[in-house]
Amino acid sequence: MRTTYTALQGGEAGVSPQQLQKLLHGLGDHPNIVRWENLYLSCNQVGLVLELVPGGDCQQLLQRHGCLSEPAVHAMISQLRSALAYVHGRDVLHRDVKLENLLVNTDVWPPVLKLCDFGHASAVADAQGEIEFYGTPGYAAPEVLRGPVWAFAADVWALGVVMFALLANSLPFERERS
């Protein structure tokens, strides 16, 4: 098994190291969520050993291939929907679904997609009443930009933005939100 190591500095993530550890333990195993092998905690860093996914992320895939075909996007969005349904079924919001947080195994076509980077994720109960924005404006639902209001629908909105981006090789709201 091949792995990669990622370190988060204190303050980068929307959750504490202990919250991240609890959240990752609760997610278990899903074929479209990057598998974490180990977690190392220090006073100001979190080190994650993750499954290595050959092919990079969806943003890099678009840079290499341009717009993707409808059948390929359909397969990839179905995988993302499955990953989000799994995460939401455990009462967790991802809050940063975007091309760069979707790893792709390009050893097969259409690519196998893996949702990653749970640094802004939160349990639904913990997110209620939060007033801080997490995520990326180009992928954020209108209610998140105005509020923010955190709900499963915000992740589903971001899924739609990802679908548009995979088909058009651009974000739908780049000019309005930058």
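Please refer to the structure higher up on the page.
As a starting point, this report considers the structure included with it. Just so you know, these numbers come straight off a predicted model, no measurement behind them.

1. Comments concerning the environment of Arg 64
Tracing the chain through its elements places Arg 64 in helix 2 (residues 58-65). Exposure remark for Arg 64: the relative accessible area of 47% places this residue in the partly exposed category. Apart from residues lying up to four places away in sequence, Arg 64 is in contact with Gly 55 and Thr 106. A polar side-chain atom of Arg 64 sits 2.9 Å from the main-chain carbonyl oxygen of Gly 55.

2. Describing the side chain of Asn 101
Position of Asn 101 among the secondary structure elements: in the loop between strand 4 (92-93) and strand 5 (102-105). In this structure Asn 101 touches His 94, Asp 96, Lys 114, Leu 115, Cys 116 and Asp 117, once residues within four positions along its chain are discounted.

3. Topic: the pattern of salt bridges
In the structure shown here, the tally under the stated rule is three salt bridges. The shortest N-O distance in the salt bridge between Arg 35 and Glu 51 comes to 3.7 Å. Here Arg 35 is found in the loop between helix 1 (17-27) and strand 2 (36-41), whereas its partner Glu 51 is found in strand 3 (residues 45-51), with 16 residues between them in sequence. Arg 35 sits in the partly exposed class, given a relative accessible area of 32%. Between Asp 96 and Lys 98 there is a salt bridge, with its nearest N and O atoms 3.8 Å apart. With a relative accessible area of 16%, Lys 98 lands in the buried category. Shared partners join several salt bridges into a network, and the residues in it are Arg 35, Glu 51 and Lys 114.

4. Things to note about the packing of helix 3 (residues 70-88) against helix 6 (residues 152-168)
Look at helix 3 against helix 6: their axes get within 10 Å of each other, and the N-to-C directions meet at 165°. Overall, the two elements helix 3 and helix 6 adopt an arrangement that is roughly antiparallel. Judged by the twist between their axes, the crossing of helix 3 over helix 6 is right-handed. From helix 3, Glu 70, Val 73, Met 76, Ile 77, Leu 80, Arg 81, Leu 84 and His 88 reach across to helix 6, where they touch Phe 152, Asp 155, Val 156, Leu 159, Val 162, Met 163, Leu 166 and Leu 167. Its residues assigned to classes, the contact of helix 3 with helix 6 shows twelve nonpolar, one polar and three charged.

5. Some words on the nonpolar core
Core analysis: the largest hydrophobic core is formed by 32 residues, its most contacted members being Leu 80, Leu 115, Val 162 and Leu 166. Residue assignment for this core shows that the elements contributing at least two residues are helix 1, helix 2, helix 3, strand 5, strand 6 (112-115) and helix 6. Ranked by residues supplied to this core, first place goes to helix 3 with eight residues. The residues touching Leu 80, leaving out its near neighbours within four places in the chain, are Val 97, Leu 102, Leu 113, Leu 115, Leu 159 and Val 162.

6. Looking at the environment of Val 49
Within the fold, Val 49 resides in strand 3. By relative accessible area, which is 16% here, Val 49 ends up buried. Spatially, the C-alpha atom of Val 49 lies 5.9 Å from that of Trp 36, the residues being 13 residues apart in sequence.

Conventions and cut-offs
- Residues numbered from 1 in each chain as written.
- Predicted model: local features only at pLDDT ≥ 70, side-chain atom pairs only at ≥ 80, totals over all residues.
- Heavy atoms only, no water.
- Helix = DSSP H or I, 4+ residues; strand = E, 2+ residues; numbered from the N terminus.
- Buried < 20%, exposed > 50% of the residue type's maximum accessible area, 1.4 Å probe, protein only.
- Contact = heavy atoms within 4.5 Å.
- Polar contact = N/O pair within 3.5 Å; in protein donor to acceptor, adjacent residues only side chain to side chain.
- Salt bridge = Lys/Arg side-chain N within 4 Å of Asp/Glu carboxyl O.
- Axes fitted to C-alpha atoms, helices over the stretch in contact; angles between N-to-C directions.
- Parallel < 35°, antiparallel > 145°, perpendicular 65-115°, else oblique.
- Left-handed = near helix turned anticlockwise from the far one by under 90°.
- Nonpolar A, V, L, I, M, F, W, Y, C, P; charged D, E, K, R; others polar.
- Core = buried A, V, L, I, M, F, W, Y, C linked by side-chain atoms within 4.5 Å.

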